[in-house]
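Given next are the chains, with one letter for each unit.
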Amino acid sequence: MSEQNRLGVFKTYKLYVGGKFPRSESGRVYEVSDSKGQWLANAPQSSRKDARDAVVAARKAFGGWSGATAYNRGQVLYRVAEMLEGRKEQFVREVAASEGLSKSKAAAVVDAAIDRWVWYAGWTDKIGQIFGGANPVAGPFFNLSTPEPTGVVAVLAPQKSSLLGLVSVIAPVIATGNTAVVIASADAPLPALSLGEVLATSDVPGGVVNILSGATVELAAPLAAHQDVNAIDLTGAGAELARELEIAAADNLKRVLRPQPAEADGSDASTDWLAAPGTHRLTAFLETKTVWHPTGALGASGSSY
């Protein structure tokens, strides 16, 4: 059959929750259009029930993921970069359509997203050395501080940077041993939903990353108030919504990462996601555990270490 006579196979985009690809519990979908208003696909419109299910999956996965060795987490993140590299052409098409970029600019964005996964993969086994250490104390004790993951983190992905910005907010969360419930860009969710397919075919355990699409306002409120969510990243929220979510998050003392000044309107259009990310997102969702241990005497002289 010639190419002109065959029917194209339209892709059905689904949520990514608990390592599986469910449709929205509500059965709702919404139209996703490109920068010129042309229809691209129907994306699932997540409900509050979907958000709660994602939190359950993230909590279930937290113990195994946070208990894995830092070296192993680095290997897993690097595997994600490998899988992204293999599906590069697909992501170039989706990013170009979602963000209105030329093919060459979209390719540069996808390359940067792959490189960012590699960059964060290299950080997993260095966090303890950089952000932990031995503390000098007045007494015969060892005093050691080590960073530990906060827990389940709700992430409001950037609204305009559908892949690079998305990777920039997900990778540091899971690199440090947390699990994530991600609300994709409302207008450009397709690269995020495709990223779920990459995660599923990588070595990332189910539930470590859960990706929802739909109205950010509708999904963010129940996550900010959820008692089993330990932290929230407000990058994709506008200034007014961010204030409301921060108030809701205070109920169980969630850690809150506020939008940067360039992101304060929720558009993140002026945020330079290509710039070096620094370490502030790595430390945003870490706790510090300090352990005291008495020193022991060595030998008859009574000397200690």
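Look a little higher up for the structure.
Residues numbered from 1 in each chain as written. Predicted model: local features only at pLDDT ≥ 70, side-chain atom pairs only at ≥ 80, totals over all residues. Heavy atoms only, no water.

## Some words on the pattern of salt bridges
As a reminder, the rule being used: Whenever a carboxyl oxygen of Asp or Glu lies within 4 Å of a side-chain nitrogen of Lys or Arg, that contact is scored as a salt bridge. Where helices and strands are cited, they refer to DSSP runs of H or I of at least four residues and of E of at least two residues respectively, numbered from the N terminus. Throughout, exposure labels follow a simple rule: accessible area from a 1.4 Å probe, protein chains only, divided by the maximum for the residue type, with under 20% read as buried, over 50% as exposed, and the rest as partly exposed.
Overall, the coordinates contain 12 salt bridges when judged by the stated rule. Here Arg 258 ties to Glu 246 by a salt bridge, and the two come within 2.5 Å at their closest N and O atoms. Placement of Arg 258 in the loop between β9 (255–257) and α10 (280–283) and of Glu 246 in helix α9 (residues 239–249) is noted, with a sequence separation of 12 residues between them. Residue classification places Glu 246 among the partly exposed residues on the basis of a relative accessible area of 24%. Salt bridges linked by common partners bring Lys 11, Arg 87 and Glu 197 together as one network.

## Notes on the sheet that holds strand β10 (residues 286–294)
Put simply, the rule is: Strands qualify as paired when DSSP identifies two bridges or more between them.
Read across the open sheet, the 3 strands follow the order β3-β4-β10; overall the sheet is antiparallel. Unpaired on one side and paired on the other, β3 (133–134) and β10 mark the two borders of the sheet. Pairing between β3 and strand β4 (residues 141–149): 2 bridges, direction antiparallel. Following the sheet pairing, Ala 134 is matched in β4 by Leu 144.

## What about the side chain of Arg 116?
Rules: This count recognises Lys and Arg as positive and Asp and Glu as negative, with His and chain-terminal groups excluded.
Here Arg 116 lies in helix α4 (residues 103–121). Despite its burial, Arg 116 pairs with no opposite charge, the nearest such side chain being Asp 272 at 7.6 Å.

## Regarding the pairing of strand β6 (residues 179–183)
Inclusion rule: Call a crossover right-handed when, viewed with both strands pointing away from you, the route from the first strand across the helix to the second goes clockwise.
The buried count for β6 comes to 5 of 5 residues, which makes it a mostly enclosed element. Side-chain alternation along β6 places Thr 179, Val 181 and Ile 183 on one buried face and Ala 180 and Val 182 on a second face that is also buried. Examined bridge by bridge, strand β5 (residues 152–156) and β6 share 5 bridges and lie parallel to one another. Following the sheet pairing, Leu 156 is matched in β6 by Ile 183. Pairing geometry for β6 and strand β7 (residues 209–212), over 4 bridges, is parallel. Across the sheet, the residue bridging to Ala 180 is Val 209, located in β7. Remark: the β6/helix α7 (residues 190–200)/β7 crossover connection has right-handed handedness.

## What about the sheet that holds β5?
To keep things clear, this is the line we draw: Axis angles are defined between N-to-C directions and span 0 to 180 degrees, where every axis is a line fitted to C-alpha atoms and, for a helix, only to the segment in contact. Contact definition: two residues touch when any of their heavy atoms are within 4.5 Å.
Spatially, 5 strands are ordered β7-β6-β5-β8-β9 in an open sheet, and the strand pairing comes out parallel. The open sheet terminates on both sides in strands that have one partner only, identified here as β7 and β9. Here the strands of the sheet are splayed against their neighbours by 15° on average, with no regard to which way each runs. The sheet contact formed by β5 and strand β8 (residues 231–233) spans 3 bridges and is parallel. Counterpart to Ala 154 in the pairing with β8 is Ile 232. Running over the sheet, helix α1 (residues 48–67) touches β5, β6 and β7 and is turned about 155° from β6.

## Details of the nonpolar core
Put simply, the test is: Within this scheme, the nonpolar core is defined by two criteria: the residues are buried Ala, Val, Leu, Ile, Met, Phe, Trp, Tyr or Cys, and they are joined through side-chain atoms within 4.5 Å.
Grouped together as the largest cluster of nonpolar side chains are 63 residues, with contacts concentrated most on Trp 117, Val 182, Leu 199 and Ile 211. In this view, Val 182 contacts Val 155, Ala 157, Leu 166, Ile 170, Val 209, Asn 210, Ile 211 and Leu 212; residues no more than four positions away in its chain are not counted. Of all hydrophobic cores here, the second largest spans 25 residues; its members include Val 17, Ala 154, Val 181 and Leu 219.

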